[in-house]
Every structure is written in C-alpha cells, then in structure tokens.
Amino acid sequence: MKRLLIDYKGNRYLIDEGRDIHTKYGVVKKEDLAKVKHSGAVKSHLGKDFFVVEPTVVDYVEEMRKPAQVVYPKDSSMIIGLTGIGSGSLVVEAGVGVAGLTMALANAVRPEGKVVSYEIREDHINAASKNLAAMGLSKYSEIKNKSIYDGIDEQNVDMIVLDLGEPWLAIGHALKALKVGGHLVSYSPSVEQVKKFVLALPKDFREVRTIEFILREWEVSSERMRPNTRMIGHTGFLTFARKVC
Ligand SMILES: C[S@@+](CC[C@H](N)C(=O)[O-])C[C@H]1O[C@@H](n2cnc3c(N)ncnc32)[C@H](O)[C@@H]1O
C-alpha cells in the first residue's frame, strides 16, 4: 500500500510500506511507519517530525515516477469540472501514457462508471496498469492496445479526451462514439496543434472553446502577502467541443 509522508518542512515522499525511508532529516523506520494505521505522526532517528497520510489520486500523480509527460491535476481538474463527468460516466481517452489523467478520470467516474483508454505502447500500458492498481482504480479502467486513429469501439460515450500528437485524426471516430451532448476534449502543448484540431471540427460540434489554465499561488504570512516568485509555466491548451447532433 502507498502512503504519503510529509516532513516538518512540507517535503513530500510517496512511499511503500515495509521499507525504511531515508531523508535528509533522518531515517524513518519501517517499524514506526507500521504502527500508524491510516494517518498519524512519526519521528525520524534524528527526532524530526513526519506526518503520514493516505495519498489521494492528486498526491499520487504529483509524486509518482513520470517516465512520460502527464496531465497534471491542474488540468485534469478543469477537464472533469468543465464537462461535469461523474459516477456512472463512460469516458474514452487516448493515449494512456503512465495514467496521470486516467487516474483522475477513473476516480471521478467511480463507482458506477468506467474509463476506456487506447494506447499503442506496451511499456506505457504496463506502467499505467501498475499506477492504476496502486491506487485501487483498476476496476474502473480498461486499457486497449490499439491506435485510436483506427476507430473507437465504444458507443454512447459521455466524454472523449485526446492527449496525443495528431488529435484531429480521431475526430471522425469521436463523432460516431459520443452521445449527443457528449464532450470531446483535446489537450495539446502547442498552439499549432490547437488550430489544426479546431479547424478540423465539423459543425456537429458546438460550444468550442480553448483555454489555458494559469495557476498562481500566493505566499501568505504575518510578514507579507504576495504572489509566489516561482509558478508553474505552460503545461498545455485545453480545447472543449460538444456534440450537438
Ligand atoms: C503525452 S502521452 C499521454 C499522457 C497521459 N495523458 C498522462 O496523463 O499520463 C501520449 C501517449 O499517447 C500515445 N499514443 C500516441 N499515438 C497514439 C494513438 N494513435 N493511439 C493511442 N495512443 C497513442 C503515446 O504512446 C503516449 O503514451
């Protein structure tokens, strides 16, 4: 089981049970971690405080190993929030990568819904499957080793999300698979991809809009309140389109 360890400075460590955790503030012993059932405090061998909590999907995606580019919670929360998917929704996505977005989607549609992912790389399917299993999300997910450019098997789909190089090649398949009122979403790092995708959308899609979500955190203390000097730079553009007929 995965756990999230937070040190007294706020540094976070996604950890497996049954191992000593070596940090710059000392070693947290596996025996001490085992005593904490769900959440609680432990001390390192240097007497520093650490806190143990159960990781959410957001914690997991932020802290997991990322051999491939992932959609971060900043953008996955917009996809989920602006399309209104929830328990019972049927969602299709491509590609799965290491399941950064898949985990957020599966968490949103459970326990009644499902996410079907199309992915052409077997190594990514394996990494994604491990990540989904680690968060107990496998039963809300199915991964197909198939190119989405060759077709979508599902029907009456609530939302299709495309995070791959040439999303415009999947528009025709998405139109057939989506239910009327369903959402097509494309996540692209470059604005050239956005333009090509939007210009390829047929009139069956309306409410087309492209957004870039810029997140700026603030430092708040008794001494000063000001925007954080460091912020997340560009991640990607999100284009939303709704099938209306
Ligand atoms: C940027 S990654 C996706 C990252 C993923 N959304 C996440 O959050 O972890 C793009 C993925 O699309 C896959 N891919 C590329 N072309 C594809 C296609 N035609 N059909 C399905 N998957 C494809 C790639 O192998 C890669 O894993």
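Residues numbered from 1 in each chain as written. Predicted model: local features only at pLDDT ≥ 70, side-chain atom pairs only at ≥ 80, totals over all residues. Heavy atoms only, no water.

**A look at the site of the ligand**
At step 1: The ligand sits among 21 residues. The nearest are Val 71, Glu 119, His 124, Ser 147 and Asp 163.
At step 2: The contact in question runs from a nitrogen atom of the ligand to an N or O atom on the backbone of Ile 148, over 3.1 Å.
At step 3: Expressed as a share of its isolated accessible area of 610 Å², the protein-covered part of the ligand is 87%.
At step 4: When each cavity is represented as a set of grid points, the ligand is found to reside in the largest pocket.
At step 5: Classifying every residue of the shell around the ligand by side-chain character gives eleven nonpolar, six polar and four charged. (Near = heavy atom within 4 Å. Polar contact = N/O pair within 3.5 Å; in protein donor to acceptor, adjacent residues only side chain to side chain. Areas by Shrake-Rupley, 256 points an atom, 1.4 Å probe, with all protein chains shown as cover. 1 Å grid on protein atoms, 1.4 Å probe; cavity = no way out; pocket = protein on both sides within 12 Å on 5 of 7 lines; lining within 4 Å. Sits in = over half its atoms within 2 Å of the grid points. Nonpolar A, V, L, I, M, F, W, Y, C, P; charged D, E, K, R; others polar.)

**Quick notes on helix α5 (residues 122–134)**
Because each turn of an α-helix spans 3.6 residues, side chains separated by three or four positions in sequence point in the same direction.
At step 1: The first and last C-alpha atoms of α5 sit 18 Å apart over 13 residues, in line with the 18 Å expected at 1.5 Å per residue.
At step 2: Considered for burial, the residues of α5 that qualify are His 124, Ile 125, Ala 128, Asn 131 and Leu 132. Considered in projection along α5, the buried side chains sweep an arc of 130° and stay on one side of the axis. In α5, the exposed positions that point more than 90 degrees away from the buried face belong to Glu 122 and Lys 130.
At step 3: Buried residues belonging to α5 abut α2 (57–63), α4 (100–109) and β9 (141–144).
At step 4: A positive phi of about 65° marks Gly 136, the residue just after α5. (Helix = DSSP H or I, 4+ residues; strand = E, 2+ residues; numbered from the N terminus. Expected span 1.5 Å × (residues − 1). Buried < 20%, exposed > 50% of the residue type's maximum accessible area, 1.4 Å probe, protein only. Arc of directions from axis to C-beta. Contact = heavy atoms within 4.5 Å.)

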